[in-house]
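Residues per chain, in single letters:
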Amino acid sequence: MYLLVMGLAGSGKTTLTGAFAKWMRENGHKVRVVNLDPGAEHLPYNPDFDIRSIVTVEKLMKEHGLGPNGAMLKASEVIVENAKEILKHEAFKPFDATVIIDTPGQLEIFMLRHEGYKFTSLLKRRAPTVGVFLVDGSMVYNIADLVTSWMLGLLVQVKLDIPTIPVFSKSDLIKDRSLVEKVVEDPLSLTEDIEKSLSGVTAELAIEMARLLAEYRQSLRPVLVSAITGEGFEELFSVVHEAFCSCGDLS
Ligand code: GTP
């Protein structure tokens, strides 16, 4: 299967990719790791395939006089143009291992544009593909942060049409753990907090969002993880496995 690790810039994708791959290997599972981020500088793991062997943001910036976002856009196009060749690489063989794919830092430039959809569609044709969407737990200060960032994961799921597990990353740094735990266990219990901290139509909208999240947490429950302490890895593994089973017939 393919496991796409997605999330906003700095949410911990690369660190989690390395740590989770290590944990899976230590627990007897076969894993291959792909770096699909052409802007990555340092990787805490040895990738089985590194997109930087084909394209780098740095080189595109120099060659085309582009800024970092323009170069990332261009790199996304290069990835999709070469996708069929890229997927022939041994690392992408999906049937004897979980292939963990660390995606580009700027989610909106790759995964949320058509390029991300095209690349994911090619993966899906080959094997069941599951996403994890990282919400940086250390950046959750209030209800609005919580609900909106989790909603982004749902948007990604719709955009890419793959089961996408919401993951609150950096759990060791979460400030208001009880708030995050509430949303993980029962988003509807947030209604009272929402009414206290938001007003009028905004509160109504946030309550609707919490309802939606509550409904969809039945099939893809959120997980709290820390790539530093390893908290939540076992839970993440079992949710990924459940999602894999539910989309296994796609292969
Ligand atoms: P981009 O690819 O640049 O978008 O970043 P990313 O999403 O891959 O995040 P990355 O793994 O580079 O992590 C960003 C920062 O968060 C780094 O300083 C990491 O060391 C730190 N970090 C990541 N995961 C954790 C975690 O679970 N706990 C703590 N305390 N720090 C973390």
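From a predicted model like this one, the values you see are computed outputs, not experimental measurements.

As for the site of the ligand
- Within the structure, the ligand sits among 16 residues, and K13, T14, T15, D172 and A227 are positioned closest to it.
- S11 is positioned with one of its backbone polar atoms (N or O) 3.1 Å from an oxygen atom of the ligand.
- At 2.8 Å, a side-chain N or O of K13 approaches an oxygen atom of the ligand.
- Burial of the ligand by the protein chains amounts to 68% of its free accessible area of 650 Å².
- A breakdown of the residues in the shell around the ligand according to their chemical character gives five nonpolar, seven polar and four charged.

Describing the packing of helix α3 (residues 68–81) against helix α6 (residues 114–126)
- For the pair α3 and α6, the least separation of the axes is 10 Å and the interaxial angle reads 25°. With respect to α6, the axis of α3 lies roughly parallel. Like other packed secondary-structure pairs, α3 and α6 cross with a definite hand, here left-handed. Contacts from S76, E77, I79 and V80 in α3 reach E115, K118 and F119 in α6.

Looking at the packing of aromatic side chains
- For the structure on display, the rule yields eight aromatic pairs.
- On the basis of an interplanar angle of 55° and a centroid distance of 6.5 Å, the ring pair of Y2 and F92 is categorised as tilted. Placement of Y2 in strand β1 (residues 2–7) and of F92 in the loop between α4 (83–86) and β4 (98–102) is noted, with a sequence separation of 90 residues between them. The pair Y2 / F92 is uniform in exposure class, with both members buried.
- Ring centres of W150 and F168 lie 6.1 Å apart, and the angle between their planes is 80°; this geometry places the pair in the edge-to-face category. Taken together, the residues span a long stretch of sequence, with W150 in helix α7 (residues 143–160) and F168 in strand β6 (residues 164–169) at a distance of 18 residues.
- The exposure class assigned to W150 is buried, which follows from its relative accessible area of 3%.
- An aromatic cluster is present here, built from F20, W23, F233 and F237 joined pairwise through their rings.

Section: the pattern of salt bridges
- If you walk through the whole model with that rule in mind, you get 16 salt bridges.
- The salt bridge involving D50 is made with R52; its shortest N-O contact spans 2.7 Å.
- You can call D50 buried: its relative accessible area is 18%.
- Among the salt bridges present, the one from K124 reaches D161, with a minimum N-O distance of 3.5 Å. Here the residue K124 occupies a position in helix α6, and D161 occupies one in the loop between α7 and β6, the gap between them amounting to 37 residues.
- Connected through shared salt-bridge partners, K30, R32 and D96 make up one network.

Some points on the environment of A19
- Structurally, A19 can be placed in helix α1 (residues 13–26).
- As a C-alpha pair, A19 and F233 span 214 residues in sequence and 9.2 Å in three-dimensional space.

Some details on the sheet that holds strand β7 (residues 223–224)
- Strand order in this open sheet of seven strands is β3-β2-β4-β1-β5-β6-β7, and the pairing throughout is parallel. The open sheet has two edge strands with one neighbour each: β3 (49–50) and β7.
- Taken together, the two bridges between strand β2 (residues 31–35) and β3 define a ladder with parallel strand orientation. The residue of β3 that forms the bridge with N35 is D50.
- Along the sheet, α1 makes contact with β1, β2, β4 and β5 (129–136), crossing β4 at roughly 165°.

Conventions adopted
Residues numbered from 1 in each chain as written. Predicted model: local features only at pLDDT ≥ 70, side-chain atom pairs only at ≥ 80, totals over all residues. Heavy atoms only, no water. Near = heavy atom within 4 Å. Polar contact = N/O pair within 3.5 Å; in protein donor to acceptor, adjacent residues only side chain to side chain. Areas by Shrake-Rupley, 256 points an atom, 1.4 Å probe, with all protein chains shown as cover. Nonpolar A, V, L, I, M, F, W, Y, C, P; charged D, E, K, R; others polar. Axes fitted to C-alpha atoms, helices over the stretch in contact; angles between N-to-C directions. Helix = DSSP H or I, 4+ residues; strand = E, 2+ residues; numbered from the N terminus. Parallel < 35°, antiparallel > 145°, perpendicular 65-115°, else oblique. Left-handed = near helix turned anticlockwise from the far one by under 90°. Contact = heavy atoms within 4.5 Å. Phe/Tyr/Trp six-rings, centres within 6.5 Å; stacked < 30°, edge-to-face > 60°. Buried < 20%, exposed > 50% of the residue type's maximum accessible area, 1.4 Å probe, protein only. Salt bridge = Lys/Arg side-chain N within 4 Å of Asp/Glu carboxyl O. Pairing = 2+ DSSP bridges.

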